[in-house]
Amino acid sequence: MTTTRWTPGHHVVDGAPHRHHELGGHAAWYLLAGGITTGLQAVLFLALRPEFGSQWANLTAIALTTVGNTEFHRRVTFAGRQSNAGKRHLQDLLTFAFYAGYGSIVLAVVDSLVSDPTAWEETGTLLAASFVGGIARFVLLRWWVFAGREPAAAQHS
């Protein structure tokens with residue numbers, strides 16, 4: 001029977017050959033969390049845009065969702081992988097900076113190409129950009145932040 005563990009330091013799925021099949025598991029959890037987070041960002045952006053404008057609504061939506069998304073990946077998606085605390089904090093900072101800068105640039109480009117873009121045009125563009133940025137972030141998380149180091153006990157078996 002396969003069970004899910006939500007505690008740090010444990011593999012997400014017990015009973016499976018972890019090293020050979022973990023990429024698929026990592027990708028599945030990452031897509032699930034990314035889909036939920038991206039949807040929440042879009043809703044927040046649409047709700048905040050009339051009051052704050054596009055740039056501030058985007059930054060606020062990113063700030064509110066990035067922390068939860070990053071913690072989810074740390075505790076669930078990459079739970080069986082170890083990482084250095086300094087590298088994790090740097091990853092948090094870089095994740096926010098990347099999405100904040102990337103989203104701001106995307107919105108500025110839309111604004112320069114479309115006179116008076118609608119909320120839905122901006123949201124659609126941000127969603128597409130988030131998808132592309134998410135792929136880059138997955139690669140960064142999987143092969144840098146949570147690099148494939150075996151836990152000490154597994155190395156000696």
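Predicted, not measured: the structure shown is a model, and the values here were computed from it. (Residues numbered from 1 in each chain as written. Predicted model: local features only at pLDDT ≥ 70, side-chain atom pairs only at ≥ 80, totals over all residues. Heavy atoms only, no water.)

**Topic: the overall build of the protein chain**
Working step 1: Broken down by element type, the protein chain carries five helices and zero strands.
Working step 2: Ordered by position in the sequence, the α and β elements of the protein chain form the string α-α-α-α-α.
Working step 3: Per-residue burial for the protein chain yields a buried fraction of 36% across its 157 residues.
Working step 4: For the protein chain, restricting intrachain contacts to residue pairs at least 6 apart in sequence, the fraction spanning at least 24 positions comes to 75%.
Working step 5: Accessible surface for the protein chain amounts to roughly 9000 Å². Of this, 68% is attributable to carbon and sulfur atoms. (Helix = DSSP H or I, 4+ residues; strand = E, 2+ residues; numbered from the N terminus. Buried < 20%, exposed > 50% of the residue type's maximum accessible area, 1.4 Å probe, protein only. Contact = heavy atoms within 4.5 Å. Areas by Shrake-Rupley, 256 points an atom, 1.4 Å probe, with all protein chains shown as cover.)

**Some points on the packing of aromatic side chains**
Working step 1: Using the criterion set out here, one finds two aromatic pairs in the structure.
Working step 2: With a centroid separation of 5.1 Å and an interplanar angle of 20 degrees, the aromatic rings of Phe 98 and Tyr 102 are classed as stacked. Of this pair, Phe 98 and Tyr 102 both sit in helix α3 (residues 85-113), four residues apart, which is roughly one turn of the helix.
Working step 3: Classification of Phe 98 as partly exposed rests on a relative accessible area of 35%.
Working step 4: Exposure remark for Tyr 102: the relative accessible area of 25% places this residue in the partly exposed category.
Working step 5: Aromatic rings pair up to connect Phe 98, Tyr 99 and Tyr 102 into one cluster. (Phe/Tyr/Trp six-rings, centres within 6.5 Å; stacked < 30°, edge-to-face > 60°.)

**Focus on a nonpolar patch on the surface**
Working step 1: On the surface, a cluster of nonpolar side chains totalling about 370 Å² of accessible area is made up of Ile 105, Val 109, Leu 113 and Val 114.
Working step 2: Looking at the secondary structure, you find Leu 113 in helix α3.
Working step 3: The exposure class of Leu 113 is exposed, given its relative accessible area of 68%. (Patch = residues over 30% accessible without salt bridge, like charges linked within 9 Å, V, L, I, M, F, W, Y side chains within 5 Å. Salt bridge = Lys/Arg side-chain N within 4 Å of Asp/Glu carboxyl O.)

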